[in-house]
Amino acid sequence: MSLIARAGLRELARHPVQTALAVAGVAVGVAVVVAVDLADESARRAFRISTEATAGRATHQIQGGSAGIDERLLAAVRIEMGLEAAAPVVEEYATLPDQPGRVVRLLGVDPLLEAPFRPSLAPAARASGELGRFLTEPGAALLAGETAAELGVAPGDALPLRLGVREMQVRVVGLLEPRDRASREVLASLLLVDVATAQELAASPGRLSRIELVLPEGTPGEAALERLRSRLPAGVTVTRTAARSESLDQMTRAFRFNLRALALLALACGGFLIFNTATFSVVRRRPLFGRLRALGVRRREVLAMVLAESLAVGLAGSLAGLALGVLLGRGLVGLVLQTIQDLYFAFAVRSFDLAPDSLLRGLALGVGVSLAAALPPALEAASAPPRATLSRAALEAGSRRGARLAAGLGGALLAGGGALLLAPSPSLPLAFGGLFALLFGYALQLPLALALGLGRAARLPALPVTARMAARSLAASLSRSGVAVSALALAVAVSVGIGLMIGSFRGAVVDWLRQTLVGDLYVAPPTRLATAANLALEPGFVARARALPGIERVHALRTLVVEPAGSLPVRVLGIDVDEASRAAFRFRAGDPEDAWRAVAAGEAVLLSEPFASRRALAPGDRLGLPTARGVRELPVAGVYADYGSDQGVALMAAPLFVELFEQETIAAIALFAAPGTDLDRLARAVERAAAPGEVLVQSNRALLEESLAIFDRTFRITGVLRLLSLAVALLGILAALAAIELERGRELATLRALGASRAQVRRLVIAEGAWMGAAAGLFALPLGALLAAAMVYVVNRRSFGWSMELALAAGPFFEALALAVGAALAAAALPAMRIAAADVVPRLEEE
Amino acid sequence: MRRVRAWPIFAAVLAAALGLAALRLERRAPLPPLAASLAVAEAMAGDPAGFLRAERPRPFAFPADHGPHDGYRTEWWYFTGTLFGEGGRAFGYQLTFFRNALAPGPHPAGASALRARTVWMAHLALSDERGGRFRWAERLAREAIGLAGARAEPFRVWVEGWEASAPDGTLAPLALRARAEGLAIDLTLAPERPVVLQGEAGLSAKGPEAGNASYYYSIPRLATRGEVTLDGERFAVEGRSWLDREWSTSALAPELEGWDWLALQLDDGRDLMLYRLRRRDGSADPFSAAAVIEPAGDVRRLAAGDFALRPLGRWTSPRGGDYPAAFRVEVPSLGLELEARPRLADQELTGLVRYWEGAVRVTGRGPEGPIGGQGFLEMTGYADAPPGASRRPAQNR
């Protein structure tokens, strides 16, 4: 190792606090990126396993509309159509009353028909006990030994389950022993039951979720598919198995992109910290660099020295970040899965995957950001003239020049970012590019603004002396404080922005729910997950409910998912059109009067906003839907606001729905009570009209609350990321104040020698912290509002197709200010105490 | 005597099938050793309580007894035969239906229509002596929503698209139809002999304990014509079949390793059914038995000491395991000395349970000189499925 490099490393060792803080900053930043990356990859993998892998070698599946398919189709497909590799599946999701929040998948199969679906024959599961019990005993279930241990059950035990509102139990008749990791992941949280058992548990006699097929590749497969399609009943479709996970991947892409972008913010804050540390160490060692250069050390070597220091910090921080990220990722994956489950109604196994790619990406990013952040100070160090021992004043003057330069550069970035955001493009990466440009452009303005602002504050006679001294002193040491304040402002602004965005979003959702939930009571079959794909009410029940006294009107909702060739699945709704239902919709495009007339006449469809934006459809365009009688093109009459799903729906009048899809089943009903009816009593009467546990009756208030609970859960992960960015920024403040402590020891000691008390010095340092916090908080407010606007008007619209108005609530602003000042004060406490406690004499003797 | 077979077969079917269900969830799974034999041993301890047992001779009544006997745990309809195409090209075929009740009694109330207490397995096999080809396929189905089942009148037994059926209960004529990838049969059968009750008036004892027995009858000759298809090639054929019917609730004794069974149709009009229960030490169990059926239908029963079944040579399966290459049959009391040689060496079925079942050519001599004939041989217990065995049906070469 060269002498120069060793000098660099010694520099790091001599200032352990500075070094440790920089390392910690990088570590947290890298940890967040790696954690999100790992969690995202794991989540994707989990969904892939849950969709593709459970299908085994199945290439296609036969699916029905809203209520699955008739089991007799299985006999027809196997015997009359002669498809040997066809197996029934009944799939349900159940919760465990004993373990709130835990979802298990109930997979009903016919073990006798499974052969073509497994990659090889082998009883991976050697079921213990009597094998016939699995087929003959109601409620008999197999599960992986690991899952059994988690759930605390053993063979012979009963396991209580809840499907919707119905409670039941299965009996464990044996354990499945996975042979490798892939099968262990698939088997986790899985209850394997006979197809008949699954039907009985799900109370869906005669129905199958799907029939899985293995069709040969190429022409014979195409021919078989054609034959099959021509013989399937209306509303029953064949789709490729892979399409399921592909469309999930496509559906969740925007969500996952948002997640990664947020994680990068945390790393950016870490980058600021490195920049801060490197700048500080360069500034302080300028005399050293000058002497080195005078001794004949070349510029290149000085540059290398500073960069090597940064590299060491970046490497150490990144490595620590990887370890931390793995731990954090384990926690995050649950949140990511939950969110995707809530948003996209997909179930996933619980799995955590330590993808080497993610780790490498994290390492590269950490080291890369460290080097990039250290480059400006390194260039600065290399440019030191050989003999220079610049005065502090000259140095800070240089720093101010730098601040002006930064402000200019920042202005350009701001303009560019704004242009990117305003550009009419559907691209999400472009929007985030603009967002980041805006952030950094704004952050670059801060050092100059800080200098000017603090300079002015220091002249305010109304302020106490300590505060003015602190302001002046901070303004004078811009080289250290500027970047730290920028980092904190950035983090706080992101926090404000996200807070405002979520608040606006939530407000829009509440408004929408209030307008949409016009009925008094909502009745649906018990849902399996947040929203189930297949819902159907028993027709007799609907008739009985209609006849109940106190009911003025009933709205029926019909729904199914159709899969147009070569496009994502489309959910179609059929509703009763009358005055009350019209009032529940807010139009975004199209004339409501004309649109409703056309819809009521069965001549057109309405599209929800996300649907229209995803498929670039507007009133006047046509939408092709596969129906029971071939593809039908329907004009789009209007687009309405809907936050229920980011995939969106196509809506039509009930008669047209029944005609097109030949499906009478009603998925849910809304009841309108006559004025003065006791709703609780009515709800109980409705429940009594159905078989026990068959329906779920909810008041519109309960439904609203449930929807909002899901909404809040969806944004929990965003909240976590927000806190992590803030943590990095706090490290920045701590580092800046520690630097000030280190450098201004002499100055403060002089103050002490002049008679200032320990308490006064302590107050001074704390006041400096308060200034930094206040400055960061104040600067963060406009940026936060700007970010929120960008997210609400650009990112959300492009990601999910939801449009909404920005609501500038005061709450997040005050929170941000309090947070910034509080955080800075907390960060200042330690240095303040140390400085105040330090002996005066040694500090003065140093010089 | 095929009764011993069914229970282990079904036990293994279930064990393996459950494994499959789990495995289907497994991607890129390595091929682990098949634990079938273990599962068989485990399942054979199954409780026969609640099922009827074959304890004493019973009156047989037709057509009812051609149909299923649901009170018993296992039952089968076993069609085998040798058919000849143009130029005397010989084809052996097998179409068998196995019924296995998993639990006694009716369904619980409110059960799903897919709930099954009975599962079915069917095997279809076709051999082409000149073409050196042997193909087989396997079907499993539950007795629910019409996927599989049996009834007496009009007679029908089916597993999905494979079926044996007759317009009424007389089995005359009887249609066999089955199609799988690479092979198919479409045959019409007409009995040439009356029903023959095996054992003691149809009660065939398999061990000393009461109830360890089956009800067993055969129709040793059915004139057969129709069409067989192999790898897309159709052949018009004509020949003779053998039907075995058996039902019971019993298990293979633990000291037995397997059995060798022969059904021979001799040119002199007589038919022979012989089986040797093989003990683990290689000796023949005293409950081995045989029967000689005269053209008129008179049956002469032979005890274990009245005949000899000796393996000749050795055939090693390409999938592992050694089988006898042929059998020598000696019935001293009738002056019969015969050899039964497989028309193809490899007629092994490697479905959920491995066994060898195939057409044999009979040569030898009787008291009046040389004698020939056709027949079917079954050998079990020679090979457990080895690790890595391919179990894909219809691909046996």
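Just so it is clear, the model here is predicted, and its values are computed rather than measured. (Residues numbered from 1 in each chain as written. Chains lettered and ligands numbered in written order. Predicted model: local features only at pLDDT ≥ 70, side-chain atom pairs only at ≥ 80, totals over all residues.)

Asker: What exactly am I supposed to notice about the overall build of chain B here?
Answerer: Helix and strand counts for chain B stand at two helices and 23 strands. A total of 397 residues make up chain B; the buried ones form 53% of that total. Contacts in chain B between residues at least 24 apart in sequence constitute 59% of all its contacts with a sequence separation of at least 6. (Helix = DSSP H or I, 4+ residues; strand = E, 2+ residues; numbered from the N terminus. Buried ≥ 20, exposed ≤ 12 C-beta atoms within 10 Å, placed from the backbone. Contact = placed C-beta atoms within 7 Å.)

Asker: What is the right way to look at the confidence of the model for chain A in this model?
Answerer: Low-pLDDT portions of the prediction should not be read for the details of their coordinates. All names here are of chain A. Here chain A shows a mean pLDDT of 79. Residues at 70 or above account for 83%. Strand E16 (residues 605–608) holds the highest mean pLDDT among the elements of chain A, 92, whereas helix H28 (residues 840–846) holds the lowest, 58. Counted against residues more than four places away or in other chains, residues 118–129, with its pLDDT under 50, gives 56 contacts. Contacts for the low-pLDDT stretch residues 528–534, under 50 throughout, to residues beyond four places or in other chains number 18 contacts. (pLDDT = per-residue confidence, 0-100.)

Asker: I'm lost on the pairing of strand E5 (residues 148–151) of chain B in this one. Help?
Answerer: Taken residue by residue, a regular strand's side chains alternate between the two faces of the sheet. Residues and elements named next belong to chain B. Burial along E5 is one-sided: the face carrying Ala 148 and Ala 150 is buried and the face carrying Gly 149 and Arg 151 is not. Relative to strand E6 (residues 156–159), E5 is paired through four bridges, and the arrangement is antiparallel. Bridging across to E6, Gly 149 finds its partner in Trp 158. (Pairing = 2+ DSSP bridges.)

Asker: It is not clear to me how the environment of Glu41(A) should be interpreted in this structure. Could you clarify?
Answerer: Residue and element names in this part refer to chain A. With respect to the helices, strands and loops of the structure, Glu 41 is situated in helix H2 (residues 16–51). Glu 41 gets classed as buried once you count the C-beta atoms within 10 Å, which come to 21. Sequence separation between Glu 41 and Val 333 is 292 residues; the distance between their C-alpha atoms is 8.9 Å.

Asker: Is there a simple way to explain the packing of helix H14 (residues 428–458) of chain A against helix H15 (residues 465–476) of chain A in this structure?
Answerer: Think of two packed helices as two axes; the pair is described by the angle between the axes and how far apart they sit. Residues and elements named next belong to chain A. Between H14 and H15, whose axes approach to 8 Å, the crossing angle comes to 150 degrees. As far as their axial angle goes, H15 and H14 are roughly antiparallel. In terms of crossing hand, the pair formed by H14 and H15 is left-handed. Facing H14, whose interface residues are Ala 451, Leu 454, Gly 455, Ala 457 and Ala 458, H15 presents Arg 468, Ala 471, Arg 472, Leu 474 and Ala 475. Partitioned by chemical class, the residues of the contact of H14 with H15 number seven nonpolar, one polar and two charged. (Axes fitted to C-alpha atoms, helices over the stretch in contact; angles between N-to-C directions. Parallel < 35°, antiparallel > 145°, perpendicular 65-115°, else oblique. Left-handed = near helix turned anticlockwise from the far one by under 90°. Nonpolar A, V, L, I, M, F, W, Y, C, P; charged D, E, K, R; others polar.)

Asker: Help me understand the packing of H14(A) against helix H26 (residues 758–800) of chain A in this model?
Answerer: Residues and elements named next belong to chain A. Where H14 meets H26, the closest approach of the two axes is 10 Å, and the angle between their N-to-C directions is 165 degrees. With respect to each other, H14 and H26 are oriented roughly antiparallel. Judged by the twist between their axes, the crossing of H14 over H26 is right-handed. Of the residues in H26, those in contact with Leu 428, Ala 431, Phe 432, Gly 434, Leu 435, Leu 438, Tyr 442, Leu 446, Ala 449, Leu 450, Gly 453 and Leu 454 of H14 are Trp 771, Ala 775, Phe 779, Leu 783, Leu 786, Leu 787, Ala 790, Val 794, Val 795, Arg 798 and Ser 799. Residues of the contact of H14 with H26, tallied by class, amount to 19 nonpolar, three polar and one charged.

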